[in-house]
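Here's the letter readout for the chains.
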Amino acid sequence: MGKQSEKSTSFPSTDGIGYATAYRFLEEGACVLINGRNESKAREKRELLEKTFGKNRVFLYTGDTASENGISGISRYAEEIFGHIDCVVANLGCGKPMAQSSLDEEGWRKGFDINLFSAVKLIQAFDNLWEVDTGGSIITVSSLAAYNRISAPYAYAAAKQGIRVFSKYLSDDYAGRKIRVNSVIPGNVYYKGGRWEELLRQDEAGVKEYIESSVPLKRFAIPDEIADAIVFLASGRASFITGVALLVDGGQSRAVV
Ligand SMILES: NC(=O)c1ccc[n+]([C@@H]2O[C@H](COP(=O)([O-])OP(=O)(O)OC[C@H]3O[C@@H](n4cnc5c(N)ncnc54)[C@H](OP(=O)(O)O)[C@@H]3O)[C@@H](O)[C@H]2O)c1
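Structural notes, computed from the coordinates. Model, not experiment: these values are computed from the prediction.

### A closer look at helix H8 (residues 223–234)
A rise of 1.5 Å per residue sets the reference length of H8, with its 12 residues, at 16 Å; its end C-alpha atoms lie 17 Å apart and thus fit the reference within 8%. Three or more residues of H8 are buried, namely Pro223, Ile226, Ala227, Ala229, Ile230, Val231, Leu233 and Ala234. Taken together, the buried residues of H8 touch helix H1 (16–27), strand S4 (87–90), strand S5 (136–141), strand S6 (179–186) and strand S7 (245–248).

In structure tokens, the structure reads:
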């Protein structure tokens, strides 16, 4: 397969924030490499994107990018299709497999593997694919759980805090290569098939009360609103912004920083 345009971007996923981000990047003229484990869902999502944006700008890697194999697979594929990259969105993360307040070591390892080490390893695997002269942009996806003590598993919150710290430190080291590194901090993001739909099914009144009482804008975010922040940070309009953690939470964070 030949090399694609200079504007290329790579990230999970085929649903939620990752899918909305892929859509926005395509609207901006970029090529995208999306990722998910479920092959049939992934193909369906790629076809949807191809219908709107054409066949030669949408690529798919199917595999578990929390695993070593998945990470080396996606980076090899990115090199094959793009040659060089100019943007990485490290979007993978999940609080679901972890017990809420567990002190179990295995749970902590799983939490850190999915929510922190997947991003560290992905960025490491892509390290020699950056354009030498023009650099690029890395955006990591943290969570409000890294700011506020909300109802999230301990390991998830700690790993999401780790992502912020990692991004800040990395921004300094990568600045010399003209690679900007920023983090986006979503609040509660609702999409069909996502975690919040599941929680609403379990306790609609409780979830609604939580949103009403803790989010000043009194609603969920939609994935497009997080995608817009990611695409802004990746764009030339954010050319002097690096090392930043951008909250997109409807005002929910109470921290004054
Ligand atoms: N939703 C929220 O309210 C919220 C709030 C704060 C932060 N965040 C963060 O935002 C990011 C995206 O969250 P989201 O809610 O949009 O989506 P999500 O439900 O966490 O993830 C959905 C997407 O990720 C893919 N995926 C999951 N595990 C994978 C793995 N091991 N390897 C490859 N692909 C995988 C899924 O495809 P397959 O199922 O086919 O693998 C699907 O395309 C996460 O880092 C999350 O922690 C979300």
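Anyway, onward from the coordinates.
### Notes on the packing of H1 against helix H2 (residues 39–53)
At their nearest, the axes of H1 and H2 sit 11 Å apart, and the two run at 20° to each other. Classified by the interaxial angle, the pair formed by H1 and H2 is roughly parallel. H2 is crossed by H1, and the crossing has right-handed handedness. Across the interface between the two elements, Tyr19, Ala22, Tyr23, Leu26 and Glu27 of H1 pack against Lys45, Leu48, Leu49, Thr52 and Phe53 of H2. Partitioning the contact of H1 with H2 into residue classes produces seven nonpolar, one polar and two charged.

### Regarding the environment of Gly250
The topology assignment puts Gly250 in the segment after S7. By relative accessible area, Gly250 is classed as partly exposed at 28%. The sequence separation of Gly250 and Gly187 amounts to 63 residues, and the corresponding C-alpha distance is 7.1 Å. Apart from residues lying up to four places away in sequence, Gly250 is in contact with Val215, Pro216 and Leu217.

### Topic: the site of the ligand
Around the ligand, the structure places 28 residues, and the nearest of them are Thr14, Arg37, Asn91, Tyr156 and Tyr191. At 2.6 Å from an oxygen atom of the ligand is found a side-chain nitrogen or oxygen belonging to Arg37. Contact with the protein chains removes 87% of the 880 Å² of surface that the ligand exposes when unbound. Elements with a contribution of two residues or more to the shell around the ligand: H1, strand S2 (31–36) and helix H5 (154–175). Residues that form the shell around the ligand fall into these classes: nine nonpolar, 14 polar and five charged.

### Thoughts on the pattern of salt bridges
According to the stated counting rule, one finds 16 salt bridges in the structure shown. Note that Glu39 is salt-bridged to Arg43, the shortest N-O span being 2.8 Å. Taken together, the residues span about one helical turn, with Glu39 and Arg43 both in helix H2 at a distance of four residues. Taking the shortest distance from any N to any O, the salt bridge between Arg177 and Asp127 comes out at 2.9 Å.

### Details of the side chain of Ser171
Relative to the helices and strands, Ser171 resides in helix H5. The class for Ser171 is buried, based on a relative accessible area of 5%. Apart from the residues within four sequence positions on either side, Ser171 is in contact with Val181, Thr242 and Gly243.

### Here's the deal with the state of the cysteines
For the structure on display, the rule yields zero disulfides. Looking at the unpaired Cys31, the closest cysteine sulfur is the one in Cys87, lying at 12 Å. Take Cys31: its relative accessible area is 3%, and that puts it in the buried class.

### Focus: the packing of aromatic side chains
Inspection of every chain in the model, using the stated rule, returns seven aromatic pairs. For the pair Trp196 and Tyr210, a centre-to-centre distance of 5.9 Å together with 10° between the ring planes defines the contact as stacked. Taken together, the residues span a long stretch of sequence, with Trp196 in helix H6 (residues 195–202) and Tyr210 in helix H7 (residues 204–214) at a distance of 14 residues. Tyr210 gets classed as partly exposed once you look at its relative accessible area, which sits at 24%.

### Examining the sheet that holds strand S1 (residues 8–10)
Taken together, the seven strands give an open sheet; going across it, the order is S3-S2-S1-S4-S5-S6-S7, and neighbouring strands pair in parallel fashion. Looking at the sheet topology across the chains shown, the edges are occupied by strand S3 (58–62) and S7. Averaged over all neighbouring strand pairs, the angle between strand axes comes to 20°, with direction disregarded. Across six bridges, S5 lies against S6 in parallel orientation. Following the sheet pairing, Ser137 is matched in S6 by Arg180. Against the sheet, H5 touches S5, S6 and S7, its axis set at about 160° to S6.

The rules we used
Counting restarts for each chain: residues are numbered from 1 in the order of the written sequence. A pLDDT threshold of at least 70 governs which residues receive local features in this predicted model, and a stricter bar of 80 or more applies before side-chain atom pairs are shown or counted, although totals over entire chains, interfaces and linings include all residues. Hydrogens and water molecules were not included; the side-chain quantities draw on all heavy atoms of the structure. Runs of H or I in DSSP of at least four residues are treated as helices and runs of E of at least two as strands, each being numbered from the N terminus. Here a helix's expected span is defined as the number of its residues, less one, multiplied by 1.5 Å. When a residue's accessible area, from a 1.4 Å probe over protein chains only, is under 20% of the maximum for its type it is buried; when over 50% it is exposed; and in between it is partly exposed. The contact definition used throughout considers only heavy atoms, calling two residues in contact when any of these lie within 4.5 Å. To obtain an axis, a line is fitted to C-alpha atoms, over the contacting stretch when the element is a helix, and the angle between two such axes runs from 0 to 180 degrees between their N-to-C directions. Note on terminology: angles under 35 degrees are roughly parallel, angles over 145 are roughly antiparallel, angles of 65 to 115 are roughly perpendicular, and the others are oblique. Should the near helix be turned anticlockwise from the far one by less than a right angle, the crossing is left-handed, and should it be turned clockwise, the crossing is right-handed. Residues were grouped as follows: Ala, Val, Leu, Ile, Met, Phe, Trp, Tyr, Cys and Pro as nonpolar; Asp, Glu, Lys and Arg as charged; and all remaining residues, including Gly, as polar. Put simply, a residue is near a molecule or strand once any heavy atom of it comes within 4 Å of that molecule or strand. Pairs of N or O atoms are called polar contacts if they sit within 3.5 Å, as long as, within protein, a hydrogen donor faces a hydrogen acceptor (for residues adjacent in sequence, only side-chain-to-side-chain pairs). Only the protein chains shown count as cover for residues, and the accessible areas themselves come from Shrake-Rupley with a 1.4 Å probe. Any Lys or Arg side-chain nitrogen located within 4 Å of an Asp or Glu carboxyl oxygen qualifies as a salt bridge. Two cysteine sulfur atoms make up a disulfide if the distance between them is within 2.5 Å. Classification of ring pairs rests on two measures: the distance between centres of Phe, Tyr or Trp rings, Trp counted by its six-membered ring, which must be within 6.5 Å, and the angle between planes, read as stacked under 30 degrees, edge-to-face over 60 and tilted in between. Strands qualify as paired when DSSP identifies two bridges or more between them.

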